[in-house]
Amino acid sequence: MRAEPYGRFKPLPPEAETLLEEGRIIEAVKSLRASHNLGLKEAKDWIEAHIASEPLLRVKLETRQKAARRKLFYIFLVIDAFVAAGLIYYFFYL
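Cut-offs applied
- Residues numbered from 1 in each chain as written.
- Predicted model: local features only at pLDDT ≥ 70, side-chain atom pairs only at ≥ 80, totals over all residues.
- Heavy atoms only, no water.
- Phe/Tyr/Trp six-rings, centres within 6.5 Å; stacked < 30°, edge-to-face > 60°.
- Helix = DSSP H or I, 4+ residues; strand = E, 2+ residues; numbered from the N terminus.
- Buried < 20%, exposed > 50% of the residue type's maximum accessible area, 1.4 Å probe, protein only.
- Salt bridge = Lys/Arg side-chain N within 4 Å of Asp/Glu carboxyl O.

Enquirer: Is there a simple way to explain the packing of aromatic side chains in this structure?
Expert: The relation between two aromatic rings is expressed through the spacing of the ring centres and the mutual angle of the planes. If you walk through the whole model with that rule in mind, you get three aromatic pairs. Residues Tyr89 and Tyr93 carry aromatic rings whose centres are separated by 5.9 Å and whose planes lie at 35° to one another, so their mutual orientation is tilted. Here Tyr89 pairs with Tyr93, and both are found in helix H4 (residues 55–93), just four residues apart, close to one helical turn. For Tyr93, a relative accessible area of 61% puts it in the exposed group.

And the structure:
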């Protein structure tokens, strides 16, 4: 058993651990709150302590966040291109 950085947190339950591995942090907090009858702050602190104690998990989550931001950027870029094309058509061809 490894020592947690803050000393007061136990290892996560398997369900919350699985959700974190999938990158679903909010669902992990919800499942931890439901299974242990914790408040939002306590569950979030427990999840953050677990992420801080495992560097590979932290890197994996950061990589997923960057990929999600990149995907959102491309979606907005495509929408902007369609809006620009529509405006050009409207002002120059009508």
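Enquirer: Can you help me understand the pattern of salt bridges in this one?
Expert: If charged atoms from side chains of opposite charge come close, those side chains can pair. Within the structure shown, the criterion is met by four salt bridges. Lys60 is the salt-bridge partner of Glu21, the closest N and O atoms lying 3.3 Å from each other. Linking Glu21 in helix H1 (residues 14–21) with Lys60 in helix H4, this pair joins segments that are 39 residues apart in sequence. Across the pair Asp45 and Lys41 runs a salt bridge whose closest N-O atoms are separated by 3.3 Å. Highlighted residues: Asp45 and Lys41, both in helix H3 (residues 40–53), separated by four residues, approximately one helical turn.

Geometric descriptors of this kind do not, in isolation, establish any biological role.
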